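Coordinate analysis (summary)
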Amino acid sequence: MRKVIMSEGEVFHEKQRLELCAIHALNNVLQEQVFTKETADDICKRLAPQCVVNPHRSMLGTGNYDVNVIMAALQSRELAAVWWDKRRTVQSLCVDKVQGFILNVPSRVSLGIMSLPVKRRHWLAVRQVNGHYYNLDSKLKSPVCVGNEADLRTFLSEVLSPDVAEMLLVVRRDVEEYGTWLNSDDIRK
């Protein structure tokens, strides 16, 4: 796993390997290498100890971990994943209470330089580092600066516009418990 250092300061960025985008998204949102294929496989075994074929990862053992693995991994770090209700506008987010975003988006499958007419699900991370938000998609060569909070809201709105895109908010457990990831006007709704 490689770390990319950018001129604006250090930004941790793992690059795509196998089908490990969930692990890369977790590490990128945490800004350090915390999880590995082995730790994710251990989580899968804990989630489905009696299963011969584990439903939380690829049968081939190359990754492709599901949301349950991401949620359990975050819980092991005293964090929570809040599934974003896309009926809300991203303007209702209290961005200061969110440590990062993990998005699940459709992604083209390619073999070498050839792109196949098939789409699979892909996990990617977005997070603030040194006052700027970065797209930390493991398929990118390096992190891409999204910009400030207004730019982040525009970016998230665009990424979430397809019906099939989803978002998890990575928050502290108390933020999840009290719902403070929403602006105070939206908590009452």
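In this numbering scheme, every chain counts its residues from 1 along its sequence in written order. For this predicted model, a pLDDT threshold of at least 70 governs which residues receive local features, and a threshold of 80 or more governs which side-chain atom pairs are given and counted, while totals over whole chains, interfaces and linings are taken from all residues. Hydrogen atoms and water are omitted, and side-chain values are computed over all heavy atoms in the structure.

Considerations on the overall build of the chain
Helix and strand assignments follow DSSP, with helices taken as H or I runs no shorter than four residues and strands as E runs no shorter than two, numbered in order from the N terminus. Across its full length, the chain carries 6 helices and 8 strands. When the helices and strands of the chain are listed from N to C terminus, the series reads β-β-α-α-α-β-β-β-β-β-α-β-α-α. For each residue, the accessible area found with a 1.4 Å probe, counting protein chains only, is set against the maximum for its type, and the residue is called buried under 20%, exposed over 50%, and partly exposed in between. Across the 189 residues of the chain, 47% fall into the buried class. We call two residues in contact whenever any of their non-hydrogen atoms come within 4.5 Å of each other. Counting only contacts in the chain whose residues sit at least 6 apart along the sequence, the fraction spanning at least 24 positions is 59%.

Topic: the confidence of the model for the chain
Known as pLDDT, the predictor's confidence for each residue is given on a scale from 0 to 100. Across the chain, the average pLDDT comes to 84, with 81% of residues at 70 or higher. Considering each helix and strand of the chain separately, the mean pLDDT is smallest for strand β1 (residues 5-6), with a value of 44, and largest for strand β6 (residues 132-135), with 97. Across residues 1-8 the pLDDT falls below 50, and counting only partners more than four positions away or on other chains, this stretch makes 23 contacts in the model.

Quick look at the pairing of strand β3 (residues 79-83)
Moving residue by residue along a regular strand, the side chains alternate between the two faces of the sheet. The element β3 is largely enclosed, with a buried count of 4 among its 5 residues. Note: two strands are recorded as paired if DSSP finds a minimum of 2 bridges between them. In this structure, β3 lies alongside strand β8 (residues 166-172), joined through 5 bridges in antiparallel fashion. Bridge pairing in β8 links V82 to L169.

Quick notes on the UniProt feature "active site" (unreviewed entry) in the chain
UniProt positions are given in the numbering used here, feature names are shortened, and annotations may be inferred rather than shown by experiment. This chain's UniProt record puts "active site" (unreviewed entry) on C21, H122 and D137. The annotated residues occupy 117 residues of the chain but converge on a single region, no pair of C-alpha atoms lying more than 9.2 Å apart. By the secondary structure assignment, C21 is in helix α1 (residues 21-30). Among all residues touching C21, those that are not within four sequence positions of it are Q16, H122, W123 and S138. Within the secondary structure, D137 is located in the loop between β6 and β7 (144-147). Excluding residues that lie within four positions of it along the chain, D137 makes contacts with H13, H122, L124 and A125.

Section: the environment of Q33
Secondary-structure assignment places Q33 in the loop between α1 and α2 (37-47). Here the alpha-carbon distance between Q33 and F12, two residues 21 residues apart in the chain, equals 8.5 Å.

Focus: the pattern of salt bridges
Between Lys or Arg on one side and Asp or Glu on the other, a salt bridge is scored when a side-chain nitrogen of the former is within 4 Å of a carboxyl oxygen of the latter. Under the criterion given, the structure shown has 6 salt bridges. Between K37 and D41 there is a salt bridge, with its nearest N and O atoms 2.9 Å apart. Highlighted residues: K37 and D41, both in helix α2, separated by 4 residues, approximately one helical turn. The buried category is assigned to K37, whose relative accessible area is 18%. On the accessibility criterion, D41 (13% relative accessible area) is buried. The partner of R87 in a salt bridge is D85, with the nearest N and O atoms 2.6 Å apart. Judged by relative accessible area, which is 26%, D85 ranks as partly exposed.

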